[in-house]
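Here is how the chains run, residue by residue.
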Amino acid sequence: MIKLNRKMAAAAATVLAVATFVIACSKGGGGGTPEPTNPTGFDKTAMLTNYADALIIPAYTNLQTQATALETSVNTFLATPNATTQAALKTVFKDTYLRFEDVSVDQFGPAETALFNNFVNTFPTDSAVIEGNILRGTYDLSANASISQQGLPALDYLLFNPHAVTDFTGTTATNRKKYVQDIVSAMKTRVSTVLNGWKNTYRATFIANTRSDSGSPIAFLINQFAFEMDQLKGPRIGWPFGKQSGGTQYPNNTEGFNTGISVALATENLTALKNMYNGGGSGKGMSDYVVSLSKQTLNSDVMAQFDKALSALRAVPDPYTTSMTTKKPEIEAAYREIQILLTLIKTDVASATGVRITYQDTDGD
Amino acid sequence: MFKQLQRPVSIAPLVTFRILFGLMMLAGTIRFWANGWITQQYVAPKFYFTYMGFEWVHPFGAMGMHVIFGLIALCTALIILGLFYRLATMLFFVAFTYVELIDVTNYLNHYYFISLVSFLLIWLPANRYLSLDVRIWPKLKRTQVPLWTIGIIRLQVGIVYFFAGIAKLNPDWLLQAIPMKIWLPAKSHLPIVGALMYKTWVAYLFSWFGAVYDLFIAFFLINRKTRPIAYYIFVLGFHISTAIFFPGIGMFPYVMMVCSFAFFSSTYHQKLLNYFTGNTGIGRRLIYHYPMQLEMVLPLIFGLYFLVQIAVPMRYLAYPGHLFWYEEGYRFSWRVMLMEKSGNTFFTVKEPSTGKSYEVDNREFLTPLQDKMMSTQPDMILRYAHHLADVYAQRGIKEPAVYAQVYVALNGERSRPFVDTTVNMAAQPLNWRHYSWVLPYSKP
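Reading guide: rules and limits
- Residue numbering note: each chain is counted from 1, following its sequence as written.
- Naming scheme: in the order in which they are written, chains are lettered from A and ligands are numbered from 1.
- The predicted nature of this model means local features are confined to residues of pLDDT at least 70 and side-chain atom pairs, given and counted, to a pLDDT of 80 or more, with totals for whole chains, interfaces and linings taken over all residues.
- Think of the side-chain values as coming from all heavy atoms in the structure, minus any hydrogens and water.
- UniProt positions are given in the numbering used here, feature names are shortened, and annotations may be inferred rather than shown by experiment.
- To define a nonpolar core, start from buried Ala, Val, Leu, Ile, Met, Phe, Trp, Tyr and Cys residues and group those joined through side-chain atoms within 4.5 Å.
- Each residue gets one of three labels from its accessible area relative to the maximum for its type: buried under 20%, exposed over 50%, partly exposed in between, using a 1.4 Å probe on protein chains only.
- Secondary structure counts use DSSP, requiring at least four H or I residues in a row for a helix and at least two E residues in a row for a strand, with both numbered from the N terminus.
- Only heavy atoms enter the contact rule, under which two residues are in contact if any of them lie within 4.5 Å.
- Segmentation into domains, and thus their bounds, comes from an automatic or database assignment.
- Two parts placed together each lose some accessible area under a 1.4 Å probe, and adding up what both lose gives the buried area.
- In the sections that follow, a salt bridge refers to a side-chain nitrogen of Lys or Arg positioned within 4 Å of a carboxyl oxygen of Asp or Glu.
- Counted as a polar contact is a pair of N or O atoms within 3.5 Å, where, for protein atoms, one must be capable of donating a hydrogen and the other of accepting one, and residues adjacent in sequence contribute only when both atoms are in side chains.
- Convention adopted: a line fitted to C-alpha atoms gives each axis, helices being fitted over their contacting stretch, and angles between N-to-C directions are expressed from 0 to 180 degrees.
- Roughly parallel here means an angle under 35 degrees, roughly antiparallel means over 145, roughly perpendicular means 65 to 115, and every remaining angle is called oblique.
- Throughout, the ten residues Ala, Val, Leu, Ile, Met, Phe, Trp, Tyr, Cys and Pro are labelled nonpolar, Asp, Glu, Lys and Arg are labelled charged, and all others, Gly among them, are labelled polar.
- Expected helix span is given by 1.5 Å per residue-to-residue step, counting one fewer step than there are residues.
- Fitting axes to the seven residues ending at a residue and to the seven starting there, one defines the bend at that residue as the angle between these axes.
- Following DSSP output, two strands are said to pair if at least two bridges run between them.

As recorded in an unreviewed UniProt entry, chain B goes by Deoxyribonuclease HsdR and comes from Mucilaginibacter pedocola. Taken from UniProt, the Subcellular location (unreviewed entry) comment for chain B reads in full: "Endomembrane system".

Named according to an unreviewed UniProt entry, chain A is Imelysin-like domain-containing protein originating from Mucilaginibacter pedocola.

Take a look at the structure:
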């Protein structure tokens, strides 16, 4: 027993010595002498602060302002539904939808808790169930099952379908107006919930966590970039075009179908994504992190590919449902560029930053 | 030599090992359950990537899988207590291995290791001292066992370390310090050492230390003089650091710390057990003998077993091409945290008679984890392609042909096309032959 103890004591002493040595060394390198610019280091806290304060919170604030403007415009239309008020409303509605595209990539933290994107932008909307809700006058907009009965796609249908104006003067007018007001106010509440969530608690959590493992802000950002690219390639552009279905097209499944603004929305979505990737050009974005990891070429390729994909998208005119028959080569080209960008982000950027593309947390080796 | 291996020594190391292994596996099972991984990995998926030759292995549904994990937990408790030991180890081995065989996605080196160790435990008399079996049937009590019964655990651990070390002897690891150079900057949040994570020399230090450690640690553990320092400084230091730096590897560091403990001498373990039980000495000398017939065949069984253990990690030599790219002979070879590989796949199903094509949304068929694992491993890509052919045939597509566009980034290099996009994957056979449809690897 004595022999055992002596060995243990020797072992413990050595561990202690090594630990002291390590701590002493790192002190000398990190804090002893002022070292303002680490030649290869990168300030992740500054990057995350930039994302929270300069990009994410302002984007939700803009959406909140716009949602209030939408409410006013909706009420004006509902008071006197005619082609003129509808046209005025359409401009405001489009702006609101565009401001949503700016936050679409931020589905983590408070937005994920609130299932924000699901409630605000599940498309195609379920017009049959919506009409049923209006007839009955009873519905529960807080239920998870109701995501396809509300949000922007539901408004797109209710306010801008071909018979929208007459609907608001018909027999169901009272219930219909109430339904519209209910989903506008539900949406407004959701925006406020997410924005307050960011301001009150999540901002601090977000900035403080500079890890890269699953569930960390950095992993969330990279995963969401990839996810939004997947959404762009699939539901926004590829699937309605018939990519999944042997060429059979589904125009009704496009985003912003009745307002005919699908390409504008997709373009804004991708623009916002590019802006997120390069941190708004502040020098404190994911792009700068990638550069700091000695991946200069990769980063410039990604930025160039964003521009390529954007200009390919812009070559497709709205309404997308018309372009789906008249501009097939342009759509195919945009689809290809989006796919290249998706691969760059999902494979090269993820690999360079050591982030796993999966929300699932498991062991690995 | 053979005689030396039969020399009776104190049973204590086997008993310590039984108890520690049982405790660790109980904790691991509870953790797995508590994390919701039973549902996530064995209930939620709609499709499972089975192993070649084990296509008959299927999960048993939510209820069934939880029952199996309950059974595994029960077995670990029985192993700790040494109650119905032989039955418990057999059941544990079968249940644990069955679960691991359900889906290639979940392959981990240390799960394979646990299967192997539990197989060995079936044959070892680890319940003959300090166990409920002995309490109930006192005649079973033994205080000494042949040296080899402890030796095979040490040999198994030594093989793991040594092959893990050999695997690190590659240019990327040693000359480029990759993947460490990629992974360490993601650890800059760590206190004290965080700022060092961007330094190139740290990546080299980690790589070289890891390689040297793996190659030689078993030899220093065998040597009586170097053993205490090898274990208490290096084994504990190394694995505790890996647990801190790479929490994603889960139970692995703990498995190795527990198993390496078996290198300590019988006297050492006896003292340890006495310390905890308050016993003095070893008790009456009762030597364990295997039944005569078994004693004849055991050398053959374990001889074969260890031949396989050496041959399997070497099988990659039979394949042409870059091992990390093709991954032919990669699994079951103690290649732990050896490369950074990510990929992205686009599958298209085509109907030859109509020329129509259908792009596949992987999320419809795979969990995010399955999708990620499949995207870089050729055998999984092929198995998935076959599954797609089946599904689309059921959907009414005649003679579906499956084409894959796959991009893979290896060890921080840029992504490159991985699979020949002109090959109908549905027509490629699933076997152990070299994959002709994987595009050759070339240094950029």
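So, on to the nonpolar core. Formed by 150 residues in total, the largest nonpolar core has its most connected members in B:Phe21, B:Phe92, B:Trp334, B:Phe347, B:Tyr384 and B:Tyr392. For this core, the leading source of residues is helix H8 (residues 147–168) of chain B, giving twelve residues. Sequence-distant contacts of B:Phe92, that is, excluding residues within four places in its chain, are made with B:Phe21, B:Met25, B:Ile72, B:Cys75, B:Thr76, B:Ile79, B:Thr97, B:Ile114 and B:Ser118. Membership of the second largest hydrophobic core comes to 99 residues, among which are A:Phe116, A:Ile207, A:Phe225 and A:Met324.

Take the domain arrangement of chain B next. Residue and element names in this part refer to chain B. Taken domain by domain, chain B consists of domain 1 (2–317) and domain 2 (340–427). On a C-alpha basis, the centres of domain 1 and domain 2 stand 36 Å from each other. Contacts between domain 1 and domain 2 engage 18 residues on the former and 15 residues on the latter. Here domain 1 and domain 2 share an interface that buries about 1,500 Å² over both sides, 61% of which is from carbon and sulfur atoms. Sorting the residues of domain 1 by area buried against domain 2 places Phe47, Phe49 and Thr105 first, and these three jointly supply 42% of that buried surface. When the shortest N-O distance is used, the salt bridge between Arg383 and Glu55 registers 3.0 Å. In this structure, the connection of domain 1 to domain 2 is made through seven residue pairs in polar contact (both at pLDDT 80 or more).

Further remarks concern the UniProt feature "transmembrane region" (unreviewed entry) in chain B. Residue and element names in this part refer to chain B. The sites that carry the UniProt feature "transmembrane region" (unreviewed entry) are, in the present numbering, residues 12–34, 56–76, 83–102, 108–126, 147–167, 201–222, 229–246 and 290–308. Secondary structure across residues 147–167 comprises 100% helix and 0% strand; the distance between its end C-alpha atoms is 30 Å. Note that residues 290–308 is 89% helix and 0% strand, and that its end C-alpha atoms are spaced 24 Å apart.

On to the packing of H8(B) against helix H15 (residues 292–314) of chain B. Residues and elements named next belong to chain B. Look at H8 against H15: their axes get within 11 Å of each other, and the N-to-C directions meet at 5 degrees. Compared by their axis directions, H8 and H15 come out roughly parallel. Judged by residue contacts, Trp148, Ile152, Leu155, Gln156, Ile159 and Phe163 of H8 engage Leu298, Phe302, Tyr305, Phe306, Gln309, Ile310, Pro313 and Met314 from H15. Class assignment of the residues belonging to the contact of H8 with H15 gives a composition of twelve nonpolar, two polar and no charged.

The next point concerns helix H2 (residues 44–79) of chain A. Residues and elements named next belong to chain A. Taking 1.5 Å per residue as the helical rise, H2 with its 36 residues ought to reach 52 Å, and the 51 Å between its terminal C-alpha atoms agrees with that figure. Of all the bends in H2, the largest measures some 35 degrees and sits at Ala52. Of the residues flanking the start of H2, the one acting as N-cap is Asp43, its side-chain oxygen 3.2 Å from the backbone nitrogen of Thr45.

Under the present numbering, the feature "domain: Imelysin-like" (unreviewed entry) in UniProt falls on residues 56–329 of chain A. A helix fraction of 68% and a strand fraction of 0% characterise residues 56–329 of chain A, whose end C-alpha atoms lie 35 Å from each other.

Right, let's talk about the pairing of strand E5 (residues 401–410) of chain B for a bit. All names here are of chain B. Counting buried residues along E5, seven of its ten residues qualify, which places the element largely inside the surrounding structure. Both strand E3 (residues 341–351) and E5 contribute to a ladder of ten bridges, which runs antiparallel. Looking at the pairing, Gly343 lines up with Val408 of E5. Examined bridge by bridge, E5 and strand E6 (residues 416–417) share two bridges and lie antiparallel to one another. Its bridge partner lying in E6, Val408 is registered against Arg416. What sits between the antiparallel neighbours E5 and E6 is a turn of five residues, in which Asn411 has the positive phi angle 50 degrees.

This next bit is on the interface of chain A and chain B. On the side of chain B, 57 residues touch chain A, which itself brings 58 residues to the contact. Across the interface of chain A and chain B, roughly 4,800 Å² is buried in total on both sides, 53% from carbon and sulfur atoms. Taken together, the links from chain A to chain B amount to three salt bridges. Across the pair B:Glu359 and A:Lys233 runs a salt bridge, and its minimum N-O distance is 3.3 Å.

To continue, consider the sheet that holds E3(B). One open sheet accounts for four strands, arranged E4-E3-E5-E6 (chain B); its pairing is antiparallel. Each edge of the open sheet carries a strand with a single partner, namely strand E4 (356–359) and E6 of chain B. Bridge count between E3(B) and E4(B): four bridges; the pairing is antiparallel. Counterpart to B:Thr348 in the pairing with E4(B) is B:Glu359. Those strands touched by helix H15 (residues 328–353) of chain A are E3, E4 and E5 of chain B, and its axis lies near 150 degrees from that of E3(B). The sheet contacts of helix H18 (residues 378–394) of chain B involve E3, E4 and E5 of chain B, and relative to E3(B) the element is tilted by about 30 degrees.

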